[in-house]
Amino acid sequence: MKIEVSCPQCGGRIDFDEKSFVIRCDFCGSTLHLVGKDQVCHFRLKPRHDHRKASAYLSAVLQKKLGPDVSVLKIKLVYAPYWRIHGMVFRWIFGKKLVKVVSASPFGSYREDTKKLLTKLLDLSFPAFQGISLGMQSLGVRTSALPLFIFGNVSEEPDVAFIRVDTDFDYAVKYMNAFVNVGLESEDVEPELEDTQEVGEQYSIIYVPFWLAKIAARNTKQIIAMDAISGSSVKRFTGEEIKTLKKMLEGAGNSSDLPVLRFIPFRCPDCGWELPFYPYNSVHICSTCSRGWFEFGGKFRRVNYRIAEAPSKANKNNVIFLPFWRIKMTVAMPDGTVKSIPQLIGRGYQPYRKSLLDSGEDMLTNFMIPAFRIKNINAFNKIASRLTANPVKYRFEESADPGRRSFGGVNLTYSEAEEMARVVLLSLIPPFARKALQELKDADFKFSNHELIYLPFREEGLFLRDLYSGFAIQKGALSFGKVKGGFIP
Ligand SMILES: [Zn+2]
Ligand SMILES: [Zn+2]
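Residues numbered from 1 in each chain as written. Chains lettered and ligands numbered in written order. Predicted model: local features only at pLDDT ≥ 70, side-chain atom pairs only at ≥ 80, totals over all residues.

Trainee: Looking at this structure, how should I read the domain arrangement of the protein?
Mentor: One widely used convention gives an interface's size as the accessible area the parts lose upon coming together. One can read the domain layout of the protein as domain 1 (54–257) and domain 2 (304–488). Opposite the 14 residues of domain 1 that make contact, domain 2 presents 13 residues. Those elements that provide at least two residues to the side of domain 1 that touches domain 2 are strand S6 (71–99), strand S7 (110–127) and strand S10 (189–217). With six residues, S10 is the single largest residue contributor to the side of domain 1 that touches domain 2. Looking at the side of domain 1 that touches domain 2 residue by residue, the classes come out as six nonpolar, four polar and four charged. (Domains from an automatic or database assignment. Contact = placed C-beta atoms within 7 Å. Helix = DSSP H or I, 4+ residues; strand = E, 2+ residues; numbered from the N terminus. Nonpolar A, V, L, I, M, F, W, Y, C, P; charged D, E, K, R; others polar.)

Trainee: Would you mind going over the sheet that holds strand S4 (residues 31–35) with me for this structure?
Mentor: Strand pairing in a sheet takes place through backbone hydrogen bonds and is either antiparallel or parallel in direction. Sheet architecture is open: three strands sit in the order S3-S4-S13, paired in antiparallel fashion. Strands with a single pairing partner mark the edges of an open sheet, and in this sheet they are strand S3 (22–24) and strand S13 (262–265). Between one strand axis and the next, the sheet turns through 40° on average, direction left out of account. Examined bridge by bridge, S3 and S4 share three bridges and lie antiparallel to one another. Within S4, the position partnered with Arg24 by the bridge is Thr31. (Pairing = 2+ DSSP bridges. Axes fitted to C-alpha atoms, helices over the stretch in contact; angles between N-to-C directions.)

Trainee: Explain the pairing of S10 to me, please; I cannot follow it from the model alone.
Mentor: Every other side chain in a regular strand lies on the same face of the sheet, so the side chains alternate between the two faces. Of the strand pairs in this sheet, strand S5 (residues 41–44) and S10 are connected by four bridges, and their pairing is parallel. Its bridge partner lying in S10, Cys41 is registered against Ser204.

Trainee: Would you mind showing me how to read the sheet that holds strand S16 (residues 299–303) here?
Mentor: Spatially, three strands are ordered S14-S15-S16 in an open sheet, and the strand pairing comes out antiparallel. Each end of this open sheet is capped by a strand with a single partner; those strands are strand S14 (284–285) and S16. Bridging between strand S15 (residues 292–296) and S16 involves five bridges; their strand directions are antiparallel. Residue pairing in the sheet places Gly292 in a bridge with Val303 of S16.

Trainee: What's the story with helix H7 (residues 377–389) in this structure? I'm lost.
Mentor: Every α-helical turn comprises 3.6 residues, leaving residues that sit three or four positions apart pointing alike. A rise of 1.5 Å per residue sets the reference length of H7, with its 13 residues, at 18 Å; its end C-alpha atoms lie 18 Å apart and thus fit the reference within 8%. Within the span of H7, buried status applies to Phe380, Asn381, Ile383, Ala384, Leu387, Thr388 and Ala389. At its buried positions, H7 is contacted by S7, strand S20 (366–370), helix H8 (414–428) and strand S24 (472–474). (Expected span 1.5 Å × (residues − 1). Buried ≥ 20, exposed ≤ 12 C-beta atoms within 10 Å, placed from the backbone.)

Trainee: Any chance you could explain the packing of H7 against H8 here in plain terms?
Mentor: Each pair of packed helices can be described by the angle between their axes along with the distance between the axes. Between H7 and H8, the least distance of the axes is 9 Å, while the angle of their chain directions is 75°. What the angle tells us is that H7 and H8 run roughly perpendicular. Along its contact with H7, which presents Asn381, Ala384, Ser385, Thr388 and Ala389, the element H8 presents Met420, Val423, Val424, Ser427 and Leu428. Taken together, the residues of the contact of H7 with H8 break down into six nonpolar, four polar and no charged. (Parallel < 35°, antiparallel > 145°, perpendicular 65-115°, else oblique.)

Written out as structure tokens, the structure reads:
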């Protein structure tokens, strides 16, 4: 999805991808950080024709659909709000699988404990107004094909009506929950515990333009609505519906009532220098004073980070530091007790080394979630569970100064990392751990001690190898291509 805004400095047009945190104006060179990406953003799509040309267009479309004797008497542009929810969905299914015995066996077939991780991209949309249909139930591909415009910094707002949103955020969440598992069913597993987690979900309201028209067709007057982008949906209203529509339009607002997308200057709050421009990074490290920042509530807040030293015997060439969110996770039980993850899983489970369990559980509750983007979700899950289950005592550099070395950019926010931690937890639980699964059903996850740490990896052909654990990931699984000095988005 592409968003189009006017540069607040020079008025030039800026196009950017919805995943961006930072944007740059090609005309005047200003860089800006978006504010409130974690909240509901409001956008609108533009009609294909202006008012003047729309009448002729409408006539042509309607004559094709309804016959040659249709004439358009009057038209009005109306914007109707739709919820759009997008993100990733992860669904763990724990249960039993039927294992069929091939040859004639005295035991026959049996059922085996199993688990399965299913994922999908979430992209849902539905009307945010109730009481009437305009003939369009969802946005379809419109948001991927057309640019979205924001409110506030658009010079001339045409005099049109904006239908009010009358479904609140909780309604949108409920709607999402009703559809989130669609397409994530497993035919071969009889489910016993399911856990669905959305990651990085964003809720927005998108205003879609419609032409309301009074038309004469076959000697009767009618009111119709046609979407003002493709003309593909045409809806004729009944008498009862026209009354509802009138009421709705009387209560409609104009664009000045709508929330505005804001920006803040992309500068280090401490030393005032411009921060390095990597649009998809959510954490920004000042190249002058080395401090780390992320935006929250319209302000840059400090992110403390640490850099793990490359082990002394390691060759320091071709080392790239990749960021991880280290987050302490505990589980609050319905009876009020709090358990660490090893307590929950139990000592028998092999990935948690027994020696570490005996040496104190503190380290084991720290989840290591990659903060860089990994395209391949299985690779993501693998490295996260591997580093979480085999904690290492890192030696950190005394002063965090990236200097001229290579670093991976932080693309995942810490709240996305919390969401991923839950997915990783379930990947650490073996399918036979019935007790842990039972307990998890009613448990509440608690996160604390968030920390950003950079771990040294060395390039080895197609792989990047963690210099502490020896664990390697394929370079091709990462989102960034060439490794070079500085921060890589
Ligand atoms: Zn500009
Ligand atoms: Zn600075």
